[in-house]
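Breakdown of the fold
One letter stands for each residue in the lines below.
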Amino acid sequence: MSDLDAAGRTGFDDAVSADSAAETAELAERARALDESDPLATVRERFSLPPGVVYLDGNSLGALPSAVPGRVAEAISREWGQGLIASWWDAGWWDAPQRVGELIAPLLGAAPGQVVVGDSTSVNVFRAVVAGWRLARQDDPGRTEIVVDDTTFPTDGYLAASAGRLLGARVRRAHPTDVHAFDERTAVALMNHVDYRTGRRWDLPAVTARAQQAGARIVWDLSHSAGALPVDLDRHGVDLAVGCGYKFLNGGPGAPSYLYVRSELHERLDQPLPGWSSHAEPFAMEPDYRPADGMARARGGTPEILSLLALEAALGVWQGVEIDQVRVKSLALTGFFMDCVAALTAPGRFRVLTPRDDDRGSQVSLSAPDAAELLPRLARAQVIGDHRPPDVLRFGFAPLYVGFADTLRAARILAETAGGRAPAAG
């Protein structure tokens with residue numbers, strides 16, 4: 001290279017560096033302004049987060065609400081340790097499944113008396129699919145199919161297939177955008193509100209309407225949407241819905257699941273896992289099952305009290321928070337992150353899988369051939385995301401505790417880790 005060429009190259013690099021620095025400064029100013037105007041900024045104080053960590057995996061396991069350890073300690077030492085079995089009544093353990101359900105209901109757009117909490121998400125998916133099948137067959141015994149979202153989380157597909165074998169039903173997969181997915185053979189459809197890989201949000205009102213117009217019942221898995229965006233189950237006439245308590249609801253590892261059943265269906269609900277706590281008179285110990293009234297008939301066996309009480313304490317972070325505020329911030333965070341990635345990483349380094357428009361949940365998914373190698377390097381730099389094989393990096397944005405400066409920092413570290421073009425921090 002000639003001296004003239006070298007001088008030209010140096011000038012070009014300096015110009016690129018100056019442009020990049022200016023772009024980074026602009027992003028930093030945007031982050032500062034957005035954080036200053038964030039009505040949810042102080043909610044972060046309700047969580048216990050490790051210093052210096054940017055936690056972007058709340059779509060897998062939510063952060064620890066500060067109130068949870070003390071509540072669990074109290075339940076163990078005082079209620080269990082001192083109250084012993086009397087705490088089923090004296091400490092309100094027996095009513096916990098419905099009481100915690102009432103705390104979750106507003107986040108689902110559900111009126112009181114339609115949500116119960118208990119068992120795992122898998123158990124409740126199975127319970128809801130079989131119950132939906134039985135409801136549909138009460139109306140039309142000729143319905144023979146279970147339709148499963150073709151983009152679903154694998155467990156949902158496994159459970160639907162198992163239910164199909166037990167019921168003698170044909171199980172058919174269909175994409176959420178398929179306008180011909182449901183017909184006169186469909187008994188029940190199991191759909192996911194947000195695609196766990198890409199973060200795409202499917203059209204719950206439209207899909208629900210199509211299923212019900214075909215005469216089918218519909219079950220929604222809300223695990224990746226409840227607590228991150230409005231769901232409005234009552235308004236859209238959803239039949240049944242399930243979701244986990246450990247992602248955006250921050251209930252802790254393996255937190256109990258919730259089950260929603262539209263109130264008009266309660267007296268017809270024939271769930272496949274009736275336990276003694278869903279009996280009309282649980283302590284009568286009758287040999288024959290008589291279902292309880294209302295949502296109590298969706299309960300199972302003995303409630304898992306410690307995890308239920310941890311989830312109940314965790315839901316205290318929602319005091320004074322409106323889900324519409326959360327959605328506004330979620331869209332702003334994810335949109336800002338995509339802007340930062342575009343500005344700070346080399347062109348073509350990542351392919352963004354998440355929609356740019358409003359058809360997304362509260363995560364951003366990036367595709368890169370070396371995604372699996374990048375994840376531990378990000379973790380060492382205190383940015384926590386996750387990886388889905390073969391090549392997807394997922395970053396979940398929990399609006400209650402993630403800010404815009406966090407988001408910019410994560411994008412900068414991602415760029416540096418991936419060999420991007422972010423300038424050193426000033």
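Residues numbered from 1 in each chain as written. Predicted model: local features only at pLDDT ≥ 70, side-chain atom pairs only at ≥ 80, totals over all residues. Heavy atoms only, no water.

1. A short note on the sheet that holds strand 10 (residues 258-261)
For clarity, the cut-off: Note on pairing: DSSP must find at least two bridges between two strands before they are called paired. Counting from the N terminus, the helices are the DSSP runs of H or I reaching at least four residues and the strands are the DSSP runs of E reaching at least two. As a rule, the C-alpha atoms of each element are fitted with a line to give its axis, helices using only the stretch in contact, and angles between N-to-C directions run from 0 to 180 degrees.
On the basis of which strands lie adjacent, the open sheet formed by seven strands has the order 4-10-9-8-7-5-6 and mixed pairing. With one partner strand each, in any of the chains shown, strand 4 (115-117) and strand 6 (170-174) form the two edges of the open sheet. Strand-to-strand twist of the sheet, defined as the mean angle between neighbouring strand axes without regard to direction, takes the value 20 degrees. By the bridge criterion, three bridges tie strand 4 to strand 10 in an arrangement that is antiparallel. Counted as the bridge partner of V117 is Y258 from strand 10.

2. A few points about the UniProt feature "binding site: pyridoxal 5'-phosphate" (unreviewed entry) in the protein chain
Operational definition: UniProt positions are given in the numbering used here, feature names are shortened, and annotations may be inferred rather than shown by experiment. Whether two residues touch is decided by their heavy atoms; if any such pair falls within 4.5 Å, the residues are in contact. Any pair of N or O atoms that falls within 3.5 Å is considered a polar contact. Within protein, one atom must be able to donate a hydrogen and the other to accept it, and sequence-neighbouring residues count only if both atoms are side-chain atoms.
When the UniProt feature table is mapped onto this chain, "binding site: pyridoxal 5'-phosphate" (unreviewed entry) is found at T121, S122, F153, P154, T155, D156, D221, H224, Y246, W276 and T302. With the annotated positions falling across 182 residues, the maximum pairwise C-alpha distance of 30.7 Å shows that they are not confined to a single cluster. Of note, S122 is situated in helix 5 (residues 121-139). Apart from the residues within four sequence positions on either side, S122 is in contact with T155 and L159. Turning to its location among the elements, T302 is positioned in the loop between strand 10 and helix 8 (305-314). Within the local environment of T302, its side chain forms a polar contact with the side chain of W276, the two groups lying 3.1 Å apart.

3. Quick word on the domain arrangement of the protein chain
Where we set the bar: Throughout the structure description, domain borders are defined by an automatic or database domain assignment. Here, a salt bridge means any Lys or Arg side-chain nitrogen found within 4 Å of an Asp or Glu carboxyl oxygen.
By domain assignment, the protein chain separates into domain 1 (11-65 + 322-417) and domain 2 (94-318). The C-alpha centroid of domain 2 is placed 31 Å from the C-alpha centroid of domain 1. The partner domain 2 presents 24 residues to the 32 residues of domain 1 that form the contact. Put simply, domain 1 and domain 2 have one salt bridge between them. Ionic pairing is found between D359 and R201, a salt bridge with its closest N-O pair at 3.1 Å.

4. Points about helix 11 (residues 404-417)
Heads up, the rule is: One fewer than the residue count of a helix, multiplied by 1.5 Å, yields its expected span. Accessible area is worked out with a 1.4 Å probe on protein chains only. A residue is then buried under 20% of its type maximum, exposed over 50%, and partly exposed in between.
End to end, helix 11 covers 20 Å across 14 residues, agreeing with the expected 20 Å (1.5 Å per residue, within 8%). Burial within helix 11 is extensive, with 11 of its 14 residues counted as buried. Along helix 11, the residues classified as buried are F404, D406, T407, L408, A410, A411, R412, I413, L414, A415 and T417. Note on helix 11: the residue one or two positions beyond its end, G419, has a positive phi of about 75 degrees.

5. Comments concerning unusual backbone geometry
The amide bond that connects P389 to the next residue, P390, takes the cis arrangement and shows omega of 0 degrees. In this structure, P390 sits in the loop between strand 14 (386-388) and strand 15 (392-396). At L84, a residue that is not glycine, the phi angle is positive and equals roughly 50 degrees. Along the chain, L84 turns up in the loop between helix 2 (68-80) and helix 3 (87-90).

6. Structural notes on the packing of aromatic side chains
What counts, and what does not: The rule is short: rings of Phe, Tyr and Trp, with Trp giving its six-membered ring, pair when the centres are within 6.5 Å, and they are stacked under 30 degrees, edge-to-face over 60, tilted in between. Note on geometry: a ring has a charge over it if NZ (lysine) or CZ (arginine) is within 6 Å of the ring centre and within 35 degrees of the ring normal.
Scanning all chains against the criterion turns up 12 aromatic pairs. Measuring from centroid to centroid gives 6.1 Å for F336 and F404, while their planes differ by 65 degrees, and the two rings are edge-to-face. Note that F336 is positioned in helix 9 (residues 323-344) and F404 in helix 11, a separation of 68 residues in sequence. One exposure class covers both F336 and F404, and it is buried. Judged by centre distance (5.2 Å) and plane angle (55 degrees), the rings of F337 and F397 are tilted. Taken together, the residues F337 in helix 9 and F397 in the loop between strand 15 and helix 11 connect sequence positions 60 residues apart. Take F337: its relative accessible area is 0%, and that puts it in the buried class. Within the aromatic cluster, the residues linked to one another by ring pairs are W88, W89, W93, W94, W276 and F283. Over the aromatic face of W94 sits the side chain of R299, whose NZ or CZ is 4.6 Å from the ring centroid. One cation-aromatic arrangement involves R349 over F350; the distance from NZ or CZ to the ring centre is 5.2 Å.

7. Thoughts on the pairing of strand 8 (residues 217-221)
To keep things clear, this is the line we draw: By convention, orient the strands away from the viewer: a clockwise path from the first strand over the helix to the second makes the crossover right-handed.
Counting buried positions along strand 8 yields five of five residues, so the element is predominantly enclosed. Alternating positions in strand 8 separate into two faces, R217, V219 and D221 on one and I218 and W220 on the other, with burial throughout. Pairing between strand 7 (residues 186-192) and strand 8: five bridges, direction parallel. For N192, the partnering residue across the bridge sits in strand 8 and is D221. Tracing the backbone out of strand 7, into helix 7 (residues 204-213) and back to the parallel element strand 8 gives a crossover that is right-handed. Pairing analysis gives three bridges linking strand 8 to strand 9 (residues 240-243), with the strands arranged parallel. The residue bridging W220 from the neighbouring strand is A241, located in strand 9.

8. A closer look at the pairing of strand 15
Where burial is concerned, most of strand 15 is hidden: five out of the five residues are buried. In strand 15, alternate side chains face the same way, and those of V392, R394 and G396 on one face and L393 and F395 on the other are all buried. Examined bridge by bridge, strand 12 (residues 363-367) and strand 15 share five bridges and lie antiparallel to one another. Along strand 15, the bridge assignment pairs S365 with R394. Across three bridges, strand 14 lies against strand 15 in antiparallel orientation. From the neighbouring strand, D386 faces strand 15, where its bridge partner is R394.

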